[in-house]
Structures are given as C-alpha cells and as structure tokens.
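# Coordinate inspection notes
Next come the chains, spelled out residue by residue.
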Amino acid sequence: MRFVPGLLAGLFAIFHLAPSVYAEKLLQANYVTSCSNDNAIKTNEIKVKLLPDDGEAWLEYDGTLGYNGKVMFNIDIFAYGYNITRKSLDPCDLKIANLCPMQATKMTVPWNRMSVSKSSITDLIPTIAYYIPDIDLLLRVTVVNKDTQDTVSCIEAPVTNGYSVYVSGVGWALGVITGLGLLVTVILSILGYSNIATHVGFRTMLLLGFMQSQAMYGMLALHFRPLARNWLQDFQWTVGIVHAGFLQTIATWFQRATGGTPSEIFSQESDVSIAVLKRSVGNIAKRTLPSTGGGKELLVKGVERMGYRAGIEPSNIFMTSYLVFYFVTILMMFTLVLLKFLLPAISKKANSAKLNNALSGATEWKGFLRGSIYRLAALSFPQWCSLGLWELYQHDSAAEVILAVVMFVTTAAALGFATFKVFQRAHASKALNENPTYTLYSDPACLTKWGFLYVHYKAQCYYFIAPALVYVLIKGIIVAFVQTSAVAQAVMVLIVEIAFMIATCVIRPYMDKKANSFSIATSVINFVSSICLLIFSDVFNQPEIVSGVVSVIFFFMNAIFTLTLVIFLLISFFYAIRLKEPTAEYHRLSDNRDSFRMSQTDNRLNTELLPLEKAIRPMGEEPRPSSPWAPSNNGSARSRWDPGHAGVGYNHHDEQPPRSPFADQPPRSPFADPVEPTLPLIPSGDNIGRRV
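Here is a short report on the structure shown in this document. Just so you know, the residues in each chain are numbered from 1, in the order the chain's sequence is written. Given that this is a predicted model, residues contribute local features only at a pLDDT of at least 70 and side-chain atom pairs are listed and counted only at 80 or more, while totals for whole chains, interfaces and linings are drawn from all residues. Side-chain figures throughout are based on the complete set of non-hydrogen atoms in the structure, without hydrogens or water.

The subject of this paragraph is a nonpolar patch on the surface. Here, patches come from residues exposed beyond 30% relative accessible area and free of salt bridges, joined within 9 Å for like charges and within 5 Å for nonpolar side chains (Val, Leu, Ile, Met, Phe, Trp, Tyr). Residue exposure ignores everything except the shown protein chains as possible cover, and the areas themselves are Shrake-Rupley values with a 1.4 Å probe. Here a salt bridge means any side-chain nitrogen of Lys or Arg lying within 4 Å of a carboxyl oxygen belonging to Asp or Glu. Together, Tyr82, Ile84, Ile545, Val546, Val549 and Ile553 make up a nonpolar patch on the protein surface, roughly 490 Å² of accessible area in all. Elements supplying a minimum of two residues to the nonpolar patch: β6 (82–89) and α17 (544–578). Considering every element that reaches the nonpolar patch, the biggest residue donor is α17, with four residues. Residue placement: Val549 occurs in helix α17. A simple rule labels every residue: compare its accessible area, found with a 1.4 Å probe on the protein chains alone, to the largest value its type can have, and call it buried under 20%, exposed over 50%, or partly exposed in between. Look at Val549 and you get partly exposed, because its relative accessible area is 44%. Only DSSP runs of H or I reaching four residues or more are called helices, and only runs of E reaching two or more are called strands; each is numbered from the N terminus.

So this is what it looks like as structure tokens:
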C-alpha cells in the first residue's frame, strides 16, 4: 500500500501537543493507512511514540519514497472527527535525510530517539487527551508540492494514549458473576427452591444473552471507532474467544496436522503494517496482502479483528472457541458431580431434616445431568451460529470445517428436539386438560430436561422459545456469511432487532411484570445499538464527527445498561442467600420440591389414566377427583376449595375462601411468585388478583 513521506514529520508534528501533568503522558501510533491514491510512499512498518514529559519522541520506519521534489507537510489533528488543529511543517526543519528535498529511494529509520520541544507539543494537544480511555484521535498528514501546492499524497494514523476500556479484568469479573448465577440456579433447584431458582436463572440468562449480543456486534465488519470497538472486545469471552498460549499452540498444531496453513500475522508484525478496518477502505484481501513495490499492509476486520485484538491468530479463532467450549463443558459436569457428593455430606453434617428431605426426594441427578447438556447447548448456541458457520466461510482446514458442521448441527438439533418435545407436550396437555402447559409443569422429567427453555415465560407464552432461538440463529448467520458487506450486515441486524423488539413489547411473554420490563428494555437497547451500527457502516456518508459522537453514546448507553443488569443479578443473589420471605397477598402452594413432587404424582396419575377412566366409567357418571389438583369435568385444573376460580390467585380484598391446608407455610420466594396457585409451578398468564 502507498503512503507518504510526510508521515514522519506529520507524526512528529501531532506530538506538539499537551502540557505536562502528574502522571507520565504517552501518545503513540503503530500503523498508518492511505487516504489518497498515489505512489509517493510505500510503507512496510512504522512506529512512533511521544513522551512529552521527557521531551522526546521515538521513531521506527521502513518503506520506500517514490517522489522527487520539495514538499511541505500539512498536519491535521482530529478528535472524535472534529478538526482541533492544523499546522504546516517544512521537512527541512526536521533535518531528516531524503526529505529535504524528498528523494525517491528506499528509506529505513531504526528505532531512534529524537528530541522535541515541550512548548510546541503543549500548543497542539490539550492535557486531557492523554487520559481519556480510547480517545478517538487521528493524525492526517497531507504532502503538498512546496512550489505549486498540489497534493502529492495523504496518510492517516490513529493515535492512542495507552488507556482503554478493554481490560481483561472486566471480562473475568463478568464471567465469574455469570458462572455464579448458573451455579446458584442449579443449587437452588436441587434444594427445592424452584421459584427463586427460576428468577436467578432468568436474570443470569438475560445478562449473558445481552453480553453475547454485544460480542456478535463486535464481530461485524463495520468501522468501529476506538471506544466502541474496545468496549465490544470486553465480551469476546462469551463466544469462546479467550487468549491462552497453550490453546494457540494446540490450535496451530491441529491445523497443520489436518492439512491447513496457519496464519502468522503476529510473527510478521515487524515486517507488515497491521491495521484494523477504517472508513472508506475498499475490498481488503484476507490475512496477507502482496507486496506492492516493497510495501505490505494487513487490514483486519470483523471476526478476524476481534481475534487479533485478543492476541489470537485468525486461523486459530474457531479452534480456540472450540477448545474453550469443551473446557466449560468439563467444568460444568465436574461441578454437578461435585455437588452430588458434597450436598449430601453437608446435609449430614448440618443435621438438617429440611435439607435431608430436599436432597432425598428431589435430587434426580441423571435428569440434572441430561438437562445440563441441553442447557449447555442453549448457552453455546450464539457461539456456534456465528463462529461455527463462519468457519465454513473461512475454511482453515477440512477437519476444522467438519468440527464446525458437527457442533452447529448437534447444537441446533438438540435445541430443535427440545423445542419439539415442549410443543408436543403442550399439545397433548391441551387435548387432555384444555390447558397447553399443565403437563409441562406437572412432569418433573420434562421440567428437569427442558424446563430452562420455557419456565421464564408465562404459561400461555411457552411458544416464545421458537422466536428466541430463530432470533439468535439469524444474527449468527449475518455475522458468519455477510463479512464482505458492512452495510448489508448493519441493515439486516437492524431489521432483526426491530422485529424482536416489537414481538417482545407486544406479546410480553415473560413470567412477571419485572421480567417483562427488563426484557423489553434489553430489546430496546439492542435496537438503539443496531441504529448506531448502521451509522458505523457509513451508509449515510456522514461527517466523521457524527460517528465520533455516536461511538460515545453507544459506549455509555451499553455500559450503563450492562451495569444495571449486573446489579439486577446481584440483588437476586442477595435474596437467594437470605431466602427472605415477602408478605403474601394470596394463599398459594408452598414452594418446596417435596410438595411439588407429590402434586406431580397425582397429576400424572390423573392425566395419564384419564382416557382409560373415561372408557370404563358408566355413561353419565361424573369422575371423582382423587387429589386437590385433579382435572375438573371441563378438563381444566381446579382446586377443591376454589371451584369457581381456576387459575386465579386470591387477593385479600376478595371474599376469603376456606382455609388452605398450606396456609401455615409462609411463601419462600422474595420475588413476585410466577407459580400459579392452583397448578404446580405454572407461571401465570395474567396478573388478575396478583400483586404487581
């Protein structure tokens, strides 16, 4: 790629900026890109570092000059797209050979220290520029003929100050919080606190789903400004992009062993100028660009950009994600096995009859293990929809393509089968009881295996699992197969987010008012983010300052909402630890696994034997219910002491019913109970007679 001589002087001139402050200041540029079509300069490598407190600059350059004549450098500095200063510089003042006048020749400047004037730096750059994380600072050097003022060439270099919102600690902290949420959900489910487990699980999945959406945005081939790009990089771990030296070694070895050719962009950093995708760059060749007259440059975008920023070779991205997935799988299975042995031991040491009863009657470990496999498939579905399908396009090796196909098909088939079984059970339940969700919540095997798909929804909105999975699948396809067109990606993501937001706002499918509020807020934030992505695609050809301002809005909006979701989840941890009991406004079933299991047994007997009973019962004789939860003669579940209000909880303002046998047992959930009082563990489809 061709660059300009002025880059040397220009990169120095930008550093005529900023007064000394208390901490050490730093400005640096590691690559340049061309903003004109010319042959003035071909650059292999350039590194510039300015230390204003020390009054020095360091430069390393390797390239070829292709112009003869006297030139001037017009230097412009842009902050968030706004031109904050302009300065003209005569290269003769720099006293660098071959620049005064410029001569067509190969030019190599080793890593070298140069003295600069502190006063000249202070005149150009304000102090705050050294401390804003991911400051969007751009240096543009225009080389013009000194006599005719005709433009010879133009180059641009993004400048950083060493501060960034991309911090590995952020990802680790979010990962630990999410893992704790999943662990608490499993433990509460084992101990029989189904209601609290449902709420903790919902909040955990809401946070994880939002973070995975952010990671998928970061894999789009758009021109992200530094602040937005590095913010999205914080969520790379949610799709398995995690840097570890031994993982890179294994991935490289596997690719070579299966006939692939590993990329080596990190080993070529000393010979190739590596840049992230910037605005107005046309079609970029993948991974390596051939030398054009001695100059080499590599521009990474989309998935490869996220991998490069994480320190992962582009050819190792899929395999790294694959290995991380299996690490998480082993960790989850090990945790469940550990709980199987630890919890009974703890119950014996604690000498708690309550805990013993919970573990002896409710713990179906085989069911939990099987359910965990399905849950793991749901957690990793965004990862395989994006990176798994992307590998089909990337084709690092034949074996990796086969692995990608197997993982995607297996995950999609598992979730498809689970969804089919849920719909099948709901259809059978409707035929027997005129209630499509009765069997879903009365069968413990169904709840343990596939309950994670529908327990977060209202009873009548169980079908929303299908739109939710299709939503993730479509976004993954957009990430994987539309990497060559930023505008197409942005438009398609916008359409998908609009559709899902409308569906969520209209249907309001989740179990209670609070869950619906946060889910709607999440979909709205994703929709606004998709508008920002459309702007980042430069479809409107907007001024640079617009993109700069939008990137700041994008960061603060998503950062604040992420913090809100984290607090929302931590509050559920607080309630889960204390098991605080709220004041009940209606009588309901005690939320423990033993009573749930007894009612389930009665339900299964009544529902499974109902066709046989109808066949042998004398004509005209009405069935006699054998349990408080037996189906009534119209097929709907009805309480013995509530013959006229099936499916509706009592409110204290209504006429009081006969005293419930469970009235002496206080409710265990700190949340608005999504469990239907007349059916075991059925989220309510409305809020009639409930506390809002």
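Glancing now at the sheet that holds strand β7 (residues 105–115). As a general point, the strands of a sheet are linked pairwise by backbone hydrogen bonds and lie either parallel or antiparallel. Strands are labelled as partners when DSSP assigns at least two bridges between them. Strand order in the open sheet made by the four strands is β1-β3-β4-β7, with antiparallel pairing throughout. In this open sheet, the two strands that pair with only one neighbour each are β1 (27–29) and β7. Direction aside, neighbouring strands of the sheet carry axes that sit 5° apart on average. Summarising the sheet, strand β3 (residues 41–51) and strand β4 (residues 56–65) pair through 10 bridges and their orientation is antiparallel. Bridging across to β4, Thr43 finds its partner in Gly63. In this description, a line fitted to the C-alpha atoms serves as the axis of each element, helices being fitted only across the stretch in contact, and the angle between N-to-C directions of two axes falls anywhere from 0 to 180 degrees.

Taking strand neighbours across the sheet as the criterion, the five strands line up as β2-β9-β8-β5-β6 in an open arrangement whose pairing is antiparallel. Pairing within the sheet leaves two strands with one partner each, and these edge strands are β2 (33–34) and β6. Inspection of the sheet shows strand β5 (residues 71–79) paired to β6 by seven bridges, in the antiparallel sense. Bridge pairing in β6 links Asn74 to Ser88.

This next bit is on helix α13 (residues 444–454). The buried fraction of α13 amounts to nine of the 11 residues, a majority that puts the element mostly inside the structure. Regarding α13, the residues found buried are Pro444, Cys446, Leu447, Thr448, Trp450, Gly451, Phe452, Leu453 and Tyr454.

Turning next to the environment of Ser572. With respect to the helices and strands, Ser572 occurs in helix α17. Between the C-alpha atom of Ser572 and that of Arg203, which follows or precedes it by 369 residues, the distance is 7.9 Å. Engagement of the side chain of Ser572 in a polar contact is seen with the backbone oxygen of Leu569, the distance being 2.5 Å. Polar contact is defined as a pair of N or O atoms within 3.5 Å, subject to the rule that within protein one atom must be able to donate a hydrogen and the other to accept it, and that residues adjacent in sequence are counted only when both atoms are side-chain atoms.

Now for the packing of helix α11 (residues 398–433) against helix α14 (residues 465–481). For any two helices packed against each other, one specifies the crossing angle of their axes together with the interaxial distance. One way to put it is that α11 packs onto α14 with a least axis distance of 11 Å and a crossing angle of 165°. Between α11 and α14, the angle falls in the class roughly antiparallel. Considering only the axes of α11 and α14, their crossing is left-handed. Here Phe408, Leu415, Thr419, Val422 and Phe423 of α11 lie close against α14, whose contacting residues are Ile465, Ala466, Leu469 and Leu473. Each residue is assigned to one of three groups, with Ala, Val, Leu, Ile, Met, Phe, Trp, Tyr, Cys and Pro labelled nonpolar, Asp, Glu, Lys and Arg labelled charged, and all others, Gly among them, labelled polar. When its residues are assigned to classes, the contact of α11 with α14 shows eight nonpolar, one polar and no charged. Under this scheme an angle from 65 to 115 degrees is roughly perpendicular, one under 35 degrees roughly parallel, and one over 145 degrees roughly antiparallel; angles in between are oblique. Left-handed is the label given to a crossing in which the near helix is rotated counterclockwise from the far helix by less than a right angle, and right-handed is the label when the rotation is clockwise. The contact definition used throughout considers only heavy atoms, calling two residues in contact when any of these lie within 4.5 Å.

Okay, the packing of aromatic side chains next. Here a Phe, Tyr or Trp ring, Trp counted by its six-membered ring, pairs with any other such ring whose centre lies within 6.5 Å, and the pair is stacked when the planes are under 30 degrees apart, edge-to-face when over 60, and tilted otherwise. Going through the model one piece at a time under the given rule, you end up with 26 aromatic pairs. Measuring from ring centre to ring centre gives 5.5 Å for Trp231 and Phe555, while their planes differ by 85°; the resulting arrangement is edge-to-face. With Trp231 in helix α5 (residues 226–233) and Phe555 in helix α17, the pair connects residues that are 324 residues apart, well separated along the chain. Neither Trp231 nor Phe555 differs from the other in exposure class; each is buried. Consider the rings of Phe464 and Tyr510, whose centres lie 6.3 Å apart with planes at 70°: the pair is edge-to-face. A residue pair is termed long-range when its members are at least 10 positions apart, and Phe464 in the loop between α13 and α14 and Tyr510 in the loop between α15 (486–507) and α16 (513–536) qualify at 46 residues. A connected cluster of aromatic rings, assembled from ring pairs, spans Phe202, Tyr457, Phe464, Tyr471, Phe500 and Tyr510. Distance and angle both matter: a charge sits over a ring if NZ of Lys or CZ of Arg is within 6 Å of the ring centre and within 35 degrees of the ring normal. Between Arg203 and the ring centre of Phe568, over which it is positioned, the NZ or CZ distance is 3.8 Å.

The final tally for this structure, using the stated rule, is seven salt bridges. Each of Asp136, Arg225 and Glu544 takes part in salt bridges that share partners, so that together they form one network.

What follows is about the pairing of strand β9 (residues 151–159). Taken residue by residue, a regular strand's side chains alternate between the two faces of the sheet. Counting buried residues along β9, seven of its nine residues qualify, which places the element largely inside the surrounding structure. Alignment of β2 against β9, held across two bridges, turns out to be antiparallel. By the bridge assignment, Ser34 is partnered in β9 with Ile155. One ladder, built from eight bridges, connects strand β8 (residues 137–145) with β9; its direction is antiparallel. If you follow Val144 over to β9, its bridge partner there is Thr151. Taking the residues that link successive antiparallel strands as the turn, the β8-β9 hairpin has five residues, and the phi of Gln149 there is positive, at about 65°.

So far we have only geometry, and geometry alone does not tell us how the molecule works.
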